[in-house]
Amino acid sequence: MAKLILHGASSSRQEVTLHRSLLSIGRDPSNDIVLADRTVSRRHAVIERRGGQYYLRDCKSRNDSTVNGDRVAERGLRSGDLATIGATRLVFWEAPPAAQITQGSEGIAGQLTAQQASLIRAAVYVRPRPGPSDGI
């Protein structure tokens, strides 16, 4: 199952599971992912699944979309890729098929570059601090 892990300017974190073949991102409330950011276009970009591959496509936005620091019109996404739309960072994560998950360095960590592994640790494993309602 593929998902996007969003980190907004206010340090909020949200996970969005990619259930559909097309997901729109932008400032307008009609988008699937709404980013309240003046630098984001009304319909800024889409994430599209074609076959077994996901793509980020910029919708001719005013301030561009980036993947791993490169401005893109369209780019195929791989697990661990970091997209930026306005002030929001989106980490694309796709779990490998169960047959590819093994123990030790042969597992998921062994399949990622150091930069991707660092981004995934920052995005996936950062847990919120316990609050008063957590009983701690």
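The sections below set out a description of the structure shown in this document. (Residues numbered from 1 in each chain as written. Predicted model: local features only at pLDDT ≥ 70, side-chain atom pairs only at ≥ 80, totals over all residues. Heavy atoms only, no water.)

### Remarks on the overall build of the protein
Inference 1: Counting its secondary structure elements, the protein contains two helices and 11 strands.
Inference 2: Starting at the N terminus and ending at the C terminus, the protein contains elements arranged as β-β-β-β-β-β-β-β-β-β-β-α-α.
Inference 3: Every one of the 136 residues in the protein was classed for burial, and the buried ones make up 37%.
Inference 4: The long-range fraction of contacts in the protein, counting pairs at least 24 apart against all pairs at least 6 apart in sequence, stands at 35%.
Inference 5: As displayed, the protein offers around 8600 Å² of accessible surface, 48% of which is attributable to carbon and sulfur atoms. (Helix = DSSP H or I, 4+ residues; strand = E, 2+ residues; numbered from the N terminus. Buried < 20%, exposed > 50% of the residue type's maximum accessible area, 1.4 Å probe, protein only. Contact = heavy atoms within 4.5 Å. Areas by Shrake-Rupley, 256 points an atom, 1.4 Å probe, with all protein chains shown as cover.)

### Things to note about the sheet that holds strand β5 (residues 45-50)
Inference 1: With respect to topology, five strands assemble into an open sheet ordered β4-β3-β5-β6-β9, the strand pairing being mixed. Both edges of this open sheet fall to β4 (33-34) and β9 (74-76), since each of them pairs with a single strand only.
Inference 2: Sheet topology note: the strand β3 (residues 22-26)/β5 ladder contains four bridges and is antiparallel. Considered in β5, the bridge of Leu22 is made with Glu48. (Pairing = 2+ DSSP bridges.)

### Looking at the pattern of salt bridges
Inference 1: This structure, assessed with the given rule, holds eight salt bridges.
Inference 2: Between Arg20 and Asp32 there is a salt bridge; the shortest N-O distance is 2.5 Å. Here Arg20, found in the loop between β2 (13-17) and β3, pairs with Asp32, found in the loop between β3 and β4; they are 12 residues apart in sequence, far enough to count as distant.
Inference 3: Taking relative accessible area as the criterion, Arg20 reaches 46% and is therefore assigned partly exposed. (Salt bridge = Lys/Arg side-chain N within 4 Å of Asp/Glu carboxyl O.)

### Digging into the nonpolar core
Inference 1: Counting residues in hydrophobic clusters, the biggest one holds 21 residues, and the most contacted among them are Leu4, Leu18, Ile33, Ile47, Leu56 and Ile85.
Inference 2: The dominant element in this core, judged by the number of residues it contributes, is strand β1 (residues 2-7), at three residues.
Inference 3: Excluding anything up to four places from it in sequence, Leu4 contacts Gln14, Glu15, Val16, Leu18, Leu23, Ile33, Ile47, Leu90, Val91 and Phe92. (Core = buried A, V, L, I, M, F, W, Y, C linked by side-chain atoms within 4.5 Å.)

### Digging into the environment of Thr66
Inference 1: Inspection of the secondary structure assignment puts Thr66 in strand β7 (residues 65-67).
Inference 2: Under the relative-accessibility criterion, Thr66 is labelled buried at 18%.

### Considerations on the pairing of strand β11 (residues 88-94)
Inference 1: Taking burial as the measure, the seven residues of β11 include five buried ones, the bulk of the element.
Inference 2: Here six bridges tie β1 to β11, and the two strands are oriented antiparallel to one another. Across the sheet, the residue bridging to Lys3 is Trp93, located in β11.
Inference 3: Bridge count between strand β10 (residues 82-85) and β11: four bridges; the pairing is antiparallel. Counted as the bridge partner of Leu82 is Val91 from β11.
Inference 4: Taken together, β10 and the strand that follows it, β11, pair antiparallel across an intervening segment of two residues, in which Gly86 is found at a positive phi of about 60°.

### Quick word on the sheet that holds β1
Inference 1: Ordered in space as β2-β1-β11-β10-β7-β8, the six strands form an open sheet in which the pairing is antiparallel. Every interior strand has two partners, whereas the edge strands, β2 and β8 (70-72), have only one. For this sheet, the mean angle separating the axes of adjacent strands, direction not counted, is 30°. (Axes fitted to C-alpha atoms, helices over the stretch in contact; angles between N-to-C directions.)

### What about the packing of aromatic side chains?
Inference 1: Summed over all chains, the structure comprises one aromatic pair.
Inference 2: The ring of Tyr55 has Arg50 lying over it, and the distance from NZ or CZ to the ring centre is 3.9 Å. (Phe/Tyr/Trp six-rings, centres within 6.5 Å; stacked < 30°, edge-to-face > 60°. Lys NZ or Arg CZ within 6 Å of the ring centre and 35° of its normal.)

Taken by themselves, the reported measurements are silent on function.
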